[in-house]
Amino acid sequence: MSKILAFAEVREGELRNVSFETVAAARHIDESGEVVAVVFGGIDLEELGNEMIKFGADRAVTVSDDKLREFTADAYTQAAMAVIEQEDPDAIVMGHTSAGKDLSPRVASKLSSGLISDVTQIEGTGDEVQFVRPIYSGKAFEKKVIKDGKTFFTIRPNNIAPLEKDDSRSGDVTSVDVEIKDLRTIVKEVIRKASDGVDLSEANIIVAGGRGVKSEEGFEPLYSLADELDAAVGASRGACDAGYCDYSLQIGQTGKVVTPDLYIACGISGAIQHLAGMSNSKVIVAINKDPEANIFNVADYGIVGDLFDVVPKLTEEIKAL
Ligand code: FAD
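Note that the structure is predicted; figures quoted are calculated from it, not measured.

Enquirer: Looking at this model, I keep getting lost on the overall build of the chain. Mind explaining?
Expert: Looking only at helices and strands, one finds eight helices and 17 strands in the chain. Radius of gyration (C-alpha) of the chain: 21 Å, near the 20 Å computed for a compact globule of 321 residues. Each principal axis of the C-alpha atoms in the chain carries an extent, and together these give about 60 × 45 × 40 Å. Relative to its full complement of 321 residues, the chain shows a buried share of 50%. Long-range contacts, defined as pairs at least 24 residues apart, comprise 65% of the intrachain contacts of the chain with a sequence gap of at least 6. Summed over its atoms, the accessible surface of the chain is roughly 15800 Å², and 45% of this surface lies on carbon and sulfur atoms. Side-chain charges of the chain comprise 33 positive and 54 negative groups, with the mean position of each set lying 6 Å from the other.

Enquirer: What exactly am I supposed to notice about the packing of aromatic side chains here?
Expert: Both the distance between ring centres and the angle between the ring planes are used here to describe each pair of aromatic rings. Applying the stated criterion to the full structure yields five aromatic pairs. Ring centres 5.8 Å apart and planes at 80° place the aromatic pair Phe-7 and Phe-40 in the edge-to-face group. With Phe-7 in strand 1 (residues 3-7) and Phe-40 in strand 4 (residues 34-41), the pair connects residues that are 33 residues apart, well separated along the chain. Residue class for Phe-7 comes out buried when judged on its relative accessible area of 6%. Classification of Phe-40 as buried rests on a relative accessible area of 4%. Measuring from ring centre to ring centre gives 3.8 Å for Phe-20 and Phe-55, while their planes differ by 20°; the resulting arrangement is stacked. Of the two residues, Phe-20 is situated in helix 1 (residues 17-29) and Phe-55 in the loop between helix 2 (46-54) and strand 5 (59-64); the sequence distance between them amounts to 35 residues. Counting every residue linked through ring pairs, the aromatic cluster contains Phe-7, Phe-40, Phe-71 and Tyr-76.

Enquirer: Would you take a moment to explain the environment of Lys-165 for this structure?
Expert: As for its placement among the helices and strands, Lys-165 is situated in the loop between strand 11 (151-155) and strand 12 (173-175). We classify Lys-165 as partly exposed; its relative accessible area is 37%. A C-alpha to C-alpha distance of 9.1 Å links Lys-165 and Met-52, two positions 113 residues apart in sequence. Residues in contact with Lys-165, not counting those within four places in the same chain, are Glu-51, Lys-54 and Phe-55. At 3.3 Å, the side chain of Lys-165 and the side chain of Glu-51 are in polar contact.

Enquirer: Just to check I follow, could you spell out the pattern of salt bridges for this structure?
Expert: Pairs can form between side chains of opposite charge whenever their charged atoms are close. Within this structure, the stated rule accounts for 23 salt bridges. Taking the shortest distance from any N to any O, the salt bridge between Lys-165 and Glu-51 comes out at 3.3 Å. Taken together, the residues span a long stretch of sequence, with Lys-165 in the loop between strand 11 and strand 12 and Glu-51 in helix 2 at a distance of 114 residues. On the basis of relative accessibility, which here comes to 24%, the residue Glu-51 falls in the partly exposed class. Several salt bridges converge on common partners, so that one network encompasses Glu-9, Arg-11, Arg-16, Asp-199 and Glu-202.

Enquirer: Would you explain the site of the ligand in this entry?
Expert: Near the ligand lie 26 residues; those nearest to it are Arg-211, Ser-236, Thr-254, Ser-269 and Asn-288. Thr-254 places a side-chain nitrogen or oxygen 2.6 Å from a nitrogen atom of the ligand. In the model, a nitrogen atom of the ligand is placed 3.1 Å from a nitrogen or oxygen of the Asp-306 side chain. Coverage of the ligand by the protein amounts to 76% of the 1000 Å² it exposes when considered alone. The pocket occupied by the ligand, as judged from atoms lying within 2 Å of grid points, is the second largest pocket. Where the shell around the ligand is concerned, the elements lending two or more residues are helix 6 (237-241), helix 7 (272-278) and helix 8 (307-320). The residue makeup of the shell around the ligand, split by class, is five nonpolar, 15 polar and six charged.

Enquirer: How do you make sense of the packing of helix 5 (residues 220-229) against helix 8 when you look at a structure like this?
Expert: For any two helices packed against each other, the geometry comes down to the angle between their axes and how far apart the axes lie. Here helix 5 crosses helix 8 at 20°, and the two axes come no closer than 9 Å. Between helix 5 and helix 8, the angle falls in the class roughly parallel. Where helix 5 crosses over helix 8, the handedness of that crossing is left-handed. Counted together, Pro-221, Leu-222, Ser-224, Leu-225, Glu-228 and Leu-229 of helix 5 and Leu-307, Phe-308, Val-311, Leu-314, Thr-315, Ile-318 and Lys-319 of helix 8 form the full contact between these two elements. Across the contact of helix 5 with helix 8, the residue classes break down as nine nonpolar, two polar and two charged.

Enquirer: Where do I start with the environment of Ile-160 in this structure?
Expert: Tracing the sequence through the fold places Ile-160 in the loop between strand 11 and strand 12. Taking relative accessible area as the criterion, Ile-160 reaches 11% and is therefore assigned buried. Remark: the alpha-carbon pair of Ile-160 and Gly-42, spanning 118 residues in sequence, is separated by 28 Å. Contact partners of Ile-160, with chain neighbours within four places excluded, come to Glu-21, Ala-24, Ala-25, Thr-120, Ile-122 and Ile-155.

Cut-offs and rules
- Sequence order as written defines the numbering, with residues in each chain counted from 1.
- Two thresholds apply to this predicted model, a pLDDT of at least 70 for residue-level local features and 80 or more for giving and counting side-chain atom pairs, whereas whole-chain, interface and lining totals are computed over all residues.
- Hydrogen atoms and water are omitted, and side-chain values are computed over all heavy atoms in the structure.
- Starting at the N terminus, helices and strands are each numbered in turn, a helix being any DSSP run of H or I of at least four residues and a strand any DSSP run of E of at least two.
- Radius of gyration: over C-alpha atoms. The globule rule applied is 2.2 Å multiplied by the number of residues raised to the 0.38 power.
- The classification of residues rests on relative accessible area computed with a 1.4 Å probe and restricted to protein chains. Under 20% of the type maximum is buried, over 50% is exposed, and intermediate values are partly exposed.
- For this analysis, residues touch if any pair of their heavy atoms sits within 4.5 Å.
- A 1.4 Å probe and the Shrake-Rupley method give the accessible areas. Residues count as covered only by the protein chains that appear here.
- A positive count includes Lys and Arg, and a negative count includes Asp and Glu. His and the chain ends are not counted in either.
- Each charge is placed at NZ for Lys, CZ for Arg, CG for Asp and CD for Glu.
- Centres within 6.5 Å are what make two rings of Phe, Tyr or Trp a pair, Trp counting through its six-membered ring; a difference in plane orientation under 30 degrees is then read as stacked, over 60 as edge-to-face, and the rest as tilted.
- Throughout this description, a polar contact denotes any pair of N or O atoms lying within 3.5 Å of each other; where both atoms belong to protein, one of them has to be capable of donating a hydrogen while the other can accept it, and for residues adjacent in sequence the pair is counted only when both atoms sit in side chains.
- For this document, the term salt bridge refers to a Lys or Arg side-chain nitrogen within 4 Å of an Asp or Glu carboxyl oxygen.
- Throughout, the term near means that a residue has one or more heavy atoms lying within 4 Å of the molecule or strand in question.
- Using a 1 Å grid laid over the protein atoms alone, points where a 1.4 Å probe fits but cannot get out form a cavity; open sets with protein on both sides within 12 Å along at least 5 of 7 lines form a pocket; any residue with an atom within 4 Å of a point counts as lining.
- To decide whether a molecule occupies a pocket or cavity, check its atoms: if more than half lie within 2 Å of the grid points, it is inside.
- Any residue outside Ala, Val, Leu, Ile, Met, Phe, Trp, Tyr, Cys, Pro, Asp, Glu, Lys and Arg is labelled polar, Gly included; the first ten of those are nonpolar and the last four are charged.
- Interaxial angles span 0 to 180 degrees and are taken between N-to-C directions of axes, which are lines fitted to C-alpha atoms, for helices over the stretch in contact.
- If an angle is under 35 degrees, it is roughly parallel; if it is over 145, roughly antiparallel; if it lies from 65 to 115, roughly perpendicular; otherwise it is oblique.
- Crossing chirality is assigned from the near helix's rotation relative to the far helix, an anticlockwise turn below a right angle marking it left-handed and a clockwise turn marking it right-handed.

Functional significance is not addressed by these values, which are geometric in nature.
If you want it as structure tokens, here you go:
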């Protein structure tokens, strides 16, 4: 039986969805293994540890320290190394999020271990396990294994479904004291951008706008549609560069990589750099007035038309359901 550490991610005192996905991924690689959730933060973490157990972990280890209130590579690496040394796991899984992308290679390097990043699928189990990850901006997939040392991997959010929550599950939540010192970076203040509430990287539905939206006001019909669908709004770099929206909405090779259940692309041409961030979405709907637009090559459903005509009609139809 193996021991697997599943790292949680906490934002503003709450567990992000990817936390439950790491537990599911850990369970997948060894169903009968011991899955230990790891939770860091600046508050009392017992409740969050228990939540991880309800989502399938056997027990949880927490490190609570004011220096872990916000992610810094320095502080989180020290906390992670302390937990890994204490637990000596066979495998480690983290989210392939901005924090996970920063933390995992540092930890792998300190452990002199391999690292398979951005896993979207896990095949087989136990000794037969193989990790599937996209390459060449999602044009191909490779299957990887780590032959020596700890099996260390990160998972792309929204690809490995969390296990069903079971309120009857219980387990130990223990806290570890770690002396976090010699920090080179300290977060003094976090100024969050106003958000519509749905986190782009974890959204099940995304309505994205491109240069075809034409202005900041042009995004308004997209926000109305997103409200009806409980969706997040995203954008192409074309729209961001033109100043129609904030760069935090950018999806693509140099923006966020998303895998929602439904991606609605409005006025986006489908440049390769944009496709790199969204082409693995489960269902893609494209609205574009140019029937030759490249986005239609990856779309499951295409609507050739003016987005200012189509999007409000779609919103009305959904409202009427
Ligand atoms: P356009 O290509 O101008 O397309 C606009 C589309 O809107 C057209 O297809 C047009 O037919 C349609 N349209 C216009 N009016 C309407 C209307 N009323 N109704 C319906 N359709 C309409 N891009 C990204 O998105 N993400 C990235 O991360 C990214 N990274 C990059 C990295 C590098 C190194 C480079 C070189 C480029 C990168 N780009 C990225 C830019 C990318 O190459 C494209 O320039 C960009 O994606 C184009 O954005 P767009 O599709 O919104 O604009």
